[in-house]
Amino acid sequence: MKSLWVRKEKFLIAIIAIMLGAAMVASLLTISLDIKEKMGKELRGYGANLIVLPGESGYIDQFKPEHPAIIGFAPFLYFKAEVKAKKIELAGTDFKAAREMNPWWRIEGVLPGPQEVLVGINVAKKLELKTGDSLSIQTQYLNTGSFKVSGVLDTGTSDDDKIFIDFENAKQISGKNGATSIQVSVLGDIEGVISYLEDKNYKVKKIRQVAENEKALLEKTQLLMSLVAFFVLCAASLGLLSTMITSILERSREIGLMKALGCGNNRLAAIFLAEAGAMGIAGGVPGYFIGLLLAQFIGLEIFDMQVSLKPEVFLLTIAASILVAFAGSLLPVRRAISIDPAVILRGE
Amino acid sequence: MIIAKNLVKKYDTTCALKDASFTVEKGEWANIMGPSGSGKTTLLNLIGCLDTPTDGSLLVNGIETTKLSQKERTKFRRENIGLVFQQFHMIPHLTALENVMIAQYFHSIEDEGEAKEALMRVGMGHRLHHLPSQLSGGEQQRVCIARALINQPGIILADEPTGNLDKKNEEAVLDIFKGLHNEGRTIVIVTHNPEIGRIGEKTIQLSHGEVECVT
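So, how was this worked out
Residues numbered from 1 in each chain as written. Chains lettered and ligands numbered in written order. Predicted model: local features only at pLDDT ≥ 70, side-chain atom pairs only at ≥ 80, totals over all residues. Heavy atoms only, no water. Helix = DSSP H or I, 4+ residues; strand = E, 2+ residues; numbered from the N terminus. Rg over C-alpha atoms; globule rule 2.2 N^0.38 Å. Buried < 20%, exposed > 50% of the residue type's maximum accessible area, 1.4 Å probe, protein only. Contact = heavy atoms within 4.5 Å. Areas by Shrake-Rupley, 256 points an atom, 1.4 Å probe, with all protein chains shown as cover. Lys, Arg positive; Asp, Glu negative; His and termini not counted. Charge placed at Lys NZ, Arg CZ, Asp CG, Glu CD. Phe/Tyr/Trp six-rings, centres within 6.5 Å; stacked < 30°, edge-to-face > 60°. Lys NZ or Arg CZ within 6 Å of the ring centre and 35° of its normal. Core = buried A, V, L, I, M, F, W, Y, C linked by side-chain atoms within 4.5 Å.

> It is not clear to me how the overall build of chain B should be interpreted in this structure. Could you clarify?
A count of helical and extended segments in chain B gives 7 helices and 10 strands. A compact globule built from 215 residues would reach a C-alpha radius of gyration of about 17 Å, and chain B, at 17 Å, matches this within 12%. Seen along its three principal axes, the alpha-carbon backbone of chain B occupies a region of about 45 × 35 × 30 Å. In chain B, which comprises 215 residues, the proportion classed as buried is 57%. A separation threshold of at least 6 residues defines the contact pool for chain B, and within that pool the share at least 24 residues apart is 69%. About 9100 Å² of surface is accessible on chain B, with carbon and sulfur atoms providing 48% of the total. If you average the places of the 23 positive and of the 27 negative side-chain charges in chain B, the two averages end up 2 Å apart.

Right, here's the structure in full:
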């Protein structure tokens, strides 16, 4: 290690290269593991996995599932009504349950109370509505009084084209007796839940609740970072290779002496690999912390999520750094092993 | 004991050593002498298992070293041979003590106490923690002798050990070799120095790669 210390300036570039590679690996792993896990948690904790549709009856008026894997559900009653002289799709729901099922809903305003509605952003634009405005809803069954807009909903989905009202209000306005669909959140045995609901004569559809675009973005970000990490690690390995080759050429007399004194090839390789490993650690440790900062930045800026520390990422980053250092050292170590002490000590 | 029979060493088309035959008894002091290019260092490298002969037989301490693999030669050298070079060959960033201990590290385990003792024996007890660059040529050679001795080898091979030293240091180094010889170690020295030639019990005179005479 002393020989590493006396040549620290020469090895600094290689260590910096390893550090950059380690930073990419650490941020990639943190984002992959942490953000994926958080997305998964949100999916399992709140999001719906299934859509339950009525069987023959047309409506679901009594939905009281008793399967232990069902951890939540929200009823939806869809119908059309006239609002400001335009046909608009309305959705009646239990706002508390629906909010838990759809944690990515962005609401400008608050969730509706009695005689209030939540207006999808596209509808709000179309009807020139904003939070605090009033509107009336007309159907063949009822000409309602005034509803106040409690907030504007932005989901990036077709829900932006709807007006959401309280489920009981919806039943009265539409003249329908139950939900047209139910979002169900399942934790665990999803196939068991499907069988259970189908046995009760419901139609069941699996749905993907994690926003597809976020998932795609995560995958693209991972791919990009994997490519960058790969090339940075290759560059680090090449940098180390060139530094080690130079070092071995400079130290050929020292190596020749070591061999003359009885240093075997395995021990000689171990000495150089230990030096490489030390460089891997020297680059890997700061690289990990830089990678964490990078992951935090990407998490906040792209996924709007705070990433948390993962001990296994530290170990994997250090392992990758050492591996890269070893890969870059293999050729130089072979060169060191091939040194003929007799030739070197003769001064040739 | 060293027994060489018809040793040949060729480098491509050049024959550095031709049919060299001689014997060095256990505990004997033998000098290898001859003009430059006569094959002295080649012969020393063969005895020290740093190189392999093209042909012939070489028995060192009862082992036919020409038949050893590279790994076995390294092990043999580590356990039986102490090497002293004209150019000292010390590791520049290690202290005198560490330069001695590195030979212990390759042999078995490091023992600082033993390494200090070896350095004190060659009169370097006061320079243990000095780097080679802080030592004179004579001091460096004494550290190298301590390094050669540290694993208690039966044979000491030295290539022009006084070649880079002044008269005073030459005498100091020769005194150390005399002490080692009196302890019963086999000493083989490549030298041009007639004074060393006089000390030795045997002289292997080389000329153009051939053993001219053994006296």
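What follows picks up the thread again.
> I'm lost on the packing of aromatic side chains in this one. Help?
Two descriptors summarise a pair of aromatic rings, namely the distance from one centre to the other and the angle between the planes of the rings. The tally for this structure, following the rule as stated, stands at 9 aromatic pairs over all chains. Consider the rings of Tyr288 of chain A and Phe289 of chain A, whose centres lie 5.1 Å apart with planes at 75 degrees: the pair is edge-to-face. Feature note: the residues Phe63, Phe73 and Tyr202 of chain A constitute an aromatic cluster, connected by ring pairs. Just above the ring of Tyr105 of chain B sits the side chain of Arg267 of chain A; from NZ or CZ to the centre is 4.5 Å.

> Whenever I open this one, the nonpolar core confuses me. Can you help?
Generally speaking, nonpolar side chains in soluble globular proteins are found buried as a group. By size, the foremost hydrophobic cluster in this structure holds 65 residues, and its most contacted members are Met258 of chain A together with Ile2 and Ile32 of chain B. Sort the elements by how many residues they give to this core and helix α2 (residues 8–45) of chain A lands first, with 7 residues. Excluding anything up to four places from it in sequence, Ile32 of chain B contacts Lys40, Leu43, Leu44, Ile47, Val188, Ile189, Val190, Thr191, Ile204 and Leu206 of chain B. One finds Leu50, Val83, Leu90 and Phe167 of chain A within the second-largest nonpolar core, a separate group that totals 38 residues.

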